[in-house]
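# Analysis of the macromolecular model
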Amino acid sequence: IKAFKTNTAVSALMEFLNDLSSEKHKLDKEILEHFLVTISAMVPHFSSELLERLLNKKLRDGYWQTYNPKLAQVDNVEIAIQVNGKLRGTLNISKDTSRDKVELESKKIIEKWLVDKVIIKVIYVPNRLINFVIK
């Protein structure tokens, strides 16, 4: 919305609605109201009409939700485990886990690729990947 890319925003909203309908989810009245107020920036007449027909409310009485960064915070990450640059597994672990612990847990997952091999170097990108360069 900030970049005024309404086509992209409408596309994302359509994907959201398709996901809801394919999963047979139901929106409660409060979420539906917030959703309709949000899309009013792109489709004001449509959202206003739906608010009136479905919820008996006026668009002018709605309000925008505020952003809560705590709700968007991720506690766990999936780290790619590579051997010589090839993906050999993944590791779900707490965000910002120490390199030593990630390395230890990763070795357990890829131990069959490390048999009779010498680890030359370990490349670690925090919260993203760990790559074991072997010989």
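Residues numbered from 1 in each chain as written. Predicted model: local features only at pLDDT ≥ 70, side-chain atom pairs only at ≥ 80, totals over all residues. Heavy atoms only, no water.

Quick look at helix H5 (residues 99-109) now. By the burial criterion, the buried members of H5 are Val102, Glu103 and Ser106. Burial along H5 is one-sided: seen end-on, the buried residues are contained in an arc of 100°. Lining the buried residues of H5 we find strand E1 (76-83), strand E2 (86-94), strand E3 (119-125) and strand E4 (129-134). (Buried < 20%, exposed > 50% of the residue type's maximum accessible area, 1.4 Å probe, protein only. Helix = DSSP H or I, 4+ residues; strand = E, 2+ residues; numbered from the N terminus. Arc of directions from axis to C-beta. Contact = heavy atoms within 4.5 Å.)

Moving on: the pairing of E2. As paired strands, E1 and E2 are joined by eight bridges and run antiparallel to one another. Residue Glu78 lies in a different strand from E2, and its bridge partner there is Asn92. Hairpin connection, E1 to E2: the antiparallel pair is bridged by two residues, and Asn84 has positive phi, about 50°. (Pairing = 2+ DSSP bridges.)

Here we take up unusual backbone geometry. At Asn84, a residue that is not glycine, the phi angle is positive and equals roughly 50°. Structurally, Asn84 can be placed in the loop between E1 and E2. For Asp96, which is not a glycine, the phi torsion comes out positive at approximately 60°. Here Asp96 lies in the loop between E2 and H5. Assessed through its relative accessible area of 60%, Asp96 is described here as exposed.

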